[in-house]
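Listed below, chain by chain, are the residues.
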Amino acid sequence: MAASTEAIEALYRSRYASFRGGMAAITGSYETARDVVHEAFAQALRDREQYRGEGSLAAWVWRIAFRVALGSRSSRRRELTLDELVAAAPLPSPERDPSLAEALKRLSPQRRLIVFLRHFADLSYAEIASLCEISEGTVAATLAHAHADLLKDLQREEAPR
Amino acid sequence: MSDAQMIEERLRGFRVDADDADWEDVLRRAEMAPKRVPARLSRRRMALALVACIAIAAPAIVLSGLLNSSHKPAASTGPTSSGCVPLRSRLQATTRSGQSVVEAVGALTGQSKTQQLTIYHEMRLRTVRTLSGKTLPRNLSGWIQTSPQPAAFAADAPGLWAPDGHLIAILTPARLAHTPVGPLLSIAPLVHGNVILNSAACWADPSLPTSAFTGRLQEVPGSNAYTLAQRAGGFHAYPLSQLLRLLPSH
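Notes on the structure in this doc start here. Remember, predicted model here, so these are calculated numbers, not experimental data. (Residues numbered from 1 in each chain as written. Chains lettered and ligands numbered in written order. Predicted model: local features only at pLDDT ≥ 70, side-chain atom pairs only at ≥ 80, totals over all residues. Heavy atoms only, no water.)

Turning our attention to the environment of Gln110 of chain A. Tracing the backbone through its elements, the reader meets Gln110 of chain A in helix 6 (residues 109-120). For the pair Gln110 of chain A and Ala146 of chain A, spaced 36 residues apart in sequence, the C-alpha separation works out to 9.5 Å. (Helix = DSSP H or I, 4+ residues; strand = E, 2+ residues; numbered from the N terminus.)

Okay, structure coming up:
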């Protein structure tokens, strides 16, 4: 079951902003994110015969995009893991909300990733669950914990001294 | 505004909306020639295509979200689906897809070939018993594909096999796999008459009644498949005798 060029193009046209937002959170730049997303879709086109219908086409391309992002951030000496990539994610435009940017840095990599996928890539709970191989309940719980952590951090940072 | 809404609102503040999508750039990177569109009509056609895409994609996305959230299988002791097509459906489609399902004893030969972004590891299979599909010889070689980077998700990781080499495999012939190296193998461990279901290479199906499995398994060196599969739902034993009933020839 190969993916058709038309299906990949339709996915690109309907979800480009979502991919770009998610990758921007990880690469720290919308320009780099655009590059990563375009390279990921180009790889999807080249490897479309390898799509076996194991999961959604969107999840397959997301995984390619993560691999491209990992490749772009790994050094020749050492390859990063996804956790390391997310832990080191610089976040685009931190100056827009420095307190929140700092609070995001303090989240665990798993919580950060799910926050990025939800709020930067606009993915549904079901899509995040499928992509991260966890249940939707875990997505909801992780997001709730992440929001609570962020709120606690912000209240501490922004409390009048 | 609740605290949660306030956080969500502030998170959205980092987003930058920009209309810089460019499908033709993707085609160029893929070394595929963009379709030629008459210049005078291109903008209008693009606008129409975009409207059509939104009209088609928006309900589909909403529907897919609804289906995903409401179409959960009944409570099960099986592994999580990990975004994979459930094993039952995969097995049912094998014969129709020209694939064979076999039981065998496998060992990596140490040979590997790299093509584009894929590394193929050769595995020698002996005492092959064809369970469904075209009957295969008792001894054969197949290839397990991995990416140069360790997989980030279990579904992308290559399959595992038993410490003594026992495994069950879905073999895709080279002509159907579109690879120059040879037939492709998707494998799962076979331990004491049980297939060990797990998310690596999508050998998972939450609808099957299984029992938890703990024990050593073999993986392609450096693939991290065992750890990823363990994190993504763990390992679940399912009797081979039951699995045979899921195959198309039974």
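Residue and element names in this part refer to chain B. Looking at where Leu190 falls in the secondary structure, it is placed in strand 5 (residues 184-191). Counting along the chain gives 28 residues from Leu190 to Ala162, while the straight-line C-alpha distance between them is 5.9 Å. The contact partners of Leu190, leaving out residues within four places of it in the chain, are Glu103, Ala162, His166, Leu167, Ile168, Val195 and Leu240. (Contact = heavy atoms within 4.5 Å.)

A complete count under the given rule lists 17 salt bridges over all chains for this structure. Between Asp97 of chain A and Arg10 of chain B there is a salt bridge, with the nearest N and O atoms lying 2.8 Å from each other. Note that Asp97 of chain A is positioned in the loop between helix 4 (82-87) and helix 5 (98-105) and Arg10 of chain B in helix 1 (residues 3-12), a pairing that runs across two chains. Classification of Asp97 of chain A by relative accessible area gives buried; the value is 12%. Across the pair Asp25 of chain B and Arg28 of chain B runs a salt bridge whose closest N-O atoms are separated by 3.9 Å. Placement of the pair is Asp25 of chain B and Arg28 of chain B together in helix 2 (residues 23-29), with a separation of three residues, close to one helical turn. A network of salt bridges, in which partner residues are shared, links Asp35, Glu39 and Arg46 of chain A together with Asp22, Asp25, Arg28 and Arg29 of chain B. (Salt bridge = Lys/Arg side-chain N within 4 Å of Asp/Glu carboxyl O. Buried < 20%, exposed > 50% of the residue type's maximum accessible area, 1.4 Å probe, protein only.)

Residue and element names in this part refer to chain A. One can describe the packing of helix 1 (residues 5-27) onto helix 6 by two numbers: an axis separation of 8 Å at closest approach and a directional angle of 145 degrees. The way helix 1 lies across helix 6 gives a crossing that is right-handed. On helix 6, the residues touching Ser18, Gly21, Gly22, Ala25 and Ile26 of helix 1 are Leu113, Phe116 and Phe120. Residues that form the contact of helix 1 with helix 6 fall into these classes: five nonpolar, three polar and no charged. (Axes fitted to C-alpha atoms, helices over the stretch in contact; angles between N-to-C directions. Left-handed = near helix turned anticlockwise from the far one by under 90°. Nonpolar A, V, L, I, M, F, W, Y, C, P; charged D, E, K, R; others polar.)

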